[in-house]
Amino acid sequence: HVVTANIAALAGSIDDYDQIRNERKTGESYYGFETAIGGGVPVLSVLKPLLHGGDSINYIEGCLSSTLSYIFGRLSPKDTGSTGVRFSEALEEARAQGLMETDPMDDILGKDSTQKLVVLGRELGLALTENDVVVEPAIPLRNDEGKGASRVDWSVYD
């Protein structure tokens, strides 16, 4: 039996996903991963019964990253008139609270959200890969020449 908050195997190759899904169907093993998708919100256990009951799901909308939700919440002006905190401060707070992926760029560039969307789609019956999902980075990425920056020439702490 496996219970994990890591969705890498489920968002990886479609062949690996199919193998895990087939082993789950035999009833000989359990693969629990619900909390890996919605920051603890039982997204799949809400969506699956809807499908089995004959409902259709046309789109899913929301913030799939608890890290980005926290960061942007800290950047927003507060009711007290405060202008919030700097991005780097909010990022460090999220890291200190254990909200971030091991590589913070996975959150900032949308890799974590992409994987969650792939798994959601697969669990809803779509044969998705990461190439089928379009996610924009959380912040505009530009290097000194104004061109799109890469992971090599840009830091979230700049």
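Here, every reference points to the structure presented above.
Residues numbered from 1 in each chain as written. Predicted model: local features only at pLDDT ≥ 70, side-chain atom pairs only at ≥ 80, totals over all residues. Heavy atoms only, no water.

1. Observations regarding the layout of surface pockets
Next, step 1: Taken as a whole, the second largest pocket spans an internal volume of roughly 220 Å³.
Next, step 2: For the second largest pocket, the full set of lining residues is L51, I57, N58, Y59, I60, L117, L120, G121, L124, L126 and L128.
Next, step 3: In terms of residues, the lining of the second largest pocket owes the most to one element, helix α7 (residues 111-123), which gives three residues.
Next, step 4: The residue makeup of the lining of the second largest pocket, split by class, is nine nonpolar, two polar and no charged. (1 Å grid on protein atoms, 1.4 Å probe; cavity = no way out; pocket = protein on both sides within 12 Å on 5 of 7 lines; lining within 4 Å. Points joined across faces, edges and corners; volume = space filled by probe spheres on them. Helix = DSSP H or I, 4+ residues; strand = E, 2+ residues; numbered from the N terminus. Nonpolar A, V, L, I, M, F, W, Y, C, P; charged D, E, K, R; others polar.)

2. Some points on the environment of Y70
Next, step 1: Mapped onto the fold, Y70 is located in helix α4 (residues 66-75).
Next, step 2: On a C-alpha basis, the gap between Y70 and A94 in space is 6.9 Å, while along the polypeptide they are 24 residues apart.
Next, step 3: Setting aside residues no more than four positions away along its own chain, Y70 makes contact with A90, E93, A94, Q97 and L99.
Next, step 4: At 2.7 Å, the side chain of Y70 and the side chain of E93 are in polar contact.
Next, step 5: A distance of 3.1 Å separates polar atoms of two side chains, one belonging to Y70 and the other to Q97. (Contact = heavy atoms within 4.5 Å. Polar contact = N/O pair within 3.5 Å; in protein donor to acceptor, adjacent residues only side chain to side chain.)

3. Side note on the nonpolar core
Next, step 1: By size, the foremost hydrophobic cluster in this structure holds 15 residues, and its most contacted members are L10, Y31, F33, I37, L44, V119 and L120.
Next, step 2: Taken together, the elements giving at least two residues each to this core come down to α1 (8-11), α2 (14-25), α3 (43-52) and α7.
Next, step 3: With three residues, the top contributor of residues to this core is α7.
Next, step 4: For L44, the contacting residues outside a window of four places in its chain are F33, E34, I37, P49, L120 and E123. (Core = buried A, V, L, I, M, F, W, Y, C linked by side-chain atoms within 4.5 Å. Buried < 20%, exposed > 50% of the residue type's maximum accessible area, 1.4 Å probe, protein only.)

4. A few points about the pattern of salt bridges
Side-chain pairs of opposite charge can arise whenever the charged atoms involved come near each other.
Next, step 1: In the structure shown here, the tally under the stated rule is six salt bridges.
Next, step 2: With a shortest N-O distance of 3.1 Å, R24 and E123 are connected by a salt bridge. Linking R24 in helix α2 with E123 in helix α7, this pair joins segments that are 99 residues apart in sequence.
Next, step 3: Taking relative accessible area as the criterion, R24 reaches 21% and is therefore assigned partly exposed.
Next, step 4: Classification of E123 by relative accessible area gives buried; the value is 10%. (Salt bridge = Lys/Arg side-chain N within 4 Å of Asp/Glu carboxyl O.)

5. Quick word on α4
Next, step 1: Among the residues of α4, T67, L68 and I71 are the ones counted as buried. Seen along its axis, α4 keeps its buried residues to an arc of 90°; they face one direction.
Next, step 2: Buried-residue contacts for α4 involve α5 (87-96) and α6 (104-108). (Arc of directions from axis to C-beta.)

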